[in-house]
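For reference, the chains in residue letters:
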Amino acid sequence: MAEAQEPLQGNFFVATGESGLRTFSRDGITWTHQQTDREGILLQYVCFAGGRCIAGGRYGGDRMIFTTGDGATWTQAKLPGQPYATRLEFFYAIGDRFYAVLHEDAQIPGIISSTDGQTWDARQPMIDDPKLLKHDAHLRRIAHGDGRLVVLADYGARLARKPGEAKFEAVPKPSAR
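We now turn to the structure provided with this report. As the structure is a prediction and not an experimental result, all values here were calculated from the model.

1. Thoughts on the packing of aromatic side chains
Part 1: Applying the stated criterion to the full structure yields five aromatic pairs.
Part 2: When the centroid spacing of 4.9 Å and the interplanar angle of 85° are considered together, the rings of Phe12 and Phe24 count as edge-to-face. Here Phe24 lies in strand β2 (residues 22-25) and Phe12 lies in the segment before β1 (13-16), a separation of twelve residues in the sequence.
Part 3: Its relative accessible area of 1% is what places Phe24 among the buried residues.
Part 4: Ring-pair connections join several aromatic residues into one group, and the members of that group are Phe12, Phe24, Phe48 and Trp74.
Part 5: Over the ring of Phe66 we find Arg22; its NZ or CZ atom is 4.3 Å from the centre of that ring.
Part 6: The lysine or arginine in question, Arg38, covers the ring of Tyr59, its NZ or CZ lying 4.4 Å from the ring centre.

In structure tokens, the structure reads:
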């Protein structure tokens, strides 16, 4: 039986990876609280909100998520979606709320949200116009600043959401100089 780990407090780095790896560091050199799950789980995304941490990725065709409030005890769940069709693109947080972007090729990306990382609200469309993204585009990165969210996607697509708005809009491409 594994020895119980002390809860984490304060600031730290977190790393995730294959076999459901989750581990923490205060300095980026010495790592602690390493935990793994079964072979085949690949955790690629991490997010913090409301004193909780979520780590997500995939296991076969499912979208897996692990949540913790202390870095020692984790709860596992599956995100909604169609096996092998729905991709977890990324997580982000605003205030005490987690958001996950889910996407299937040729469909409008959707956003689900949660306060605890276990129970998720119904999926809402991220954009109104499906022509804003090519049918096979993946959403790659998200940045949050000055109240705005900006998403970078394949084929040079960029989406932004202003404060108080529910959906993202296309960002015009910069003109060539």
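2. Here's the deal with the pattern of salt bridges
Side-chain pairs of opposite charge can arise where the charged atoms are in close proximity.
Part 1: For the coordinates displayed, the defined rule picks out eight salt bridges.
Part 2: Each of Arg87, Glu89 and Asp105 takes part in a single network of salt bridges with overlapping partners.

3. Observations concerning the side chain of Gln35
Part 1: Counting through the fold element by element, Gln35 comes out in strand β3 (residues 31-35).
Part 2: Gln35 gets classed as buried once you look at its relative accessible area, which sits at 18%.
Part 3: Once residues lying within four places of it in the same chain are set aside, the contact partners of Gln35 are Gln5, Gly20, Leu21, Arg22, Gly71, Ala72 and Trp74.

4. Description of the environment of Gly28
Part 1: Among the structural elements, Gly28 can be located in the loop between β2 and β3.
Part 2: C-alpha separation for the pair Gly28 and Phe12, spaced 16 residues apart in sequence, amounts to 8.3 Å.

5. Some words on the nonpolar core
Part 1: Tyr92, Met126, Leu133, Leu139, Leu159 and Phe168 are the most contacted members of the largest nonpolar core, which totals 16 residues.
Part 2: Put simply, the parts of the chain that give this core at least two residues each are β8 (87-94), β9 (97-103) and β13 (148-153).
Part 3: Of all the elements, β13 adds the most residues to this core, at three residues.
Part 4: Ignoring anything within four residues of it in the chain, the contact list for Leu159 reads Met126, Ile127, Leu132, Leu133, Leu139, Leu149, Val150, Val151, Phe168, Glu169, Ala170 and Val171.
Part 5: By size, the runner-up hydrophobic cluster in this structure holds 13 residues, among which are Leu88, Phe98, Ala100 and Leu102.

Thresholds applied
- Residues numbered from 1 in each chain as written.
- Predicted model: local features only at pLDDT ≥ 70, side-chain atom pairs only at ≥ 80, totals over all residues.
- Heavy atoms only, no water.
- Phe/Tyr/Trp six-rings, centres within 6.5 Å; stacked < 30°, edge-to-face > 60°.
- Helix = DSSP H or I, 4+ residues; strand = E, 2+ residues; numbered from the N terminus.
- Buried < 20%, exposed > 50% of the residue type's maximum accessible area, 1.4 Å probe, protein only.
- Lys NZ or Arg CZ within 6 Å of the ring centre and 35° of its normal.
- Salt bridge = Lys/Arg side-chain N within 4 Å of Asp/Glu carboxyl O.
- Contact = heavy atoms within 4.5 Å.
- Core = buried A, V, L, I, M, F, W, Y, C linked by side-chain atoms within 4.5 Å.

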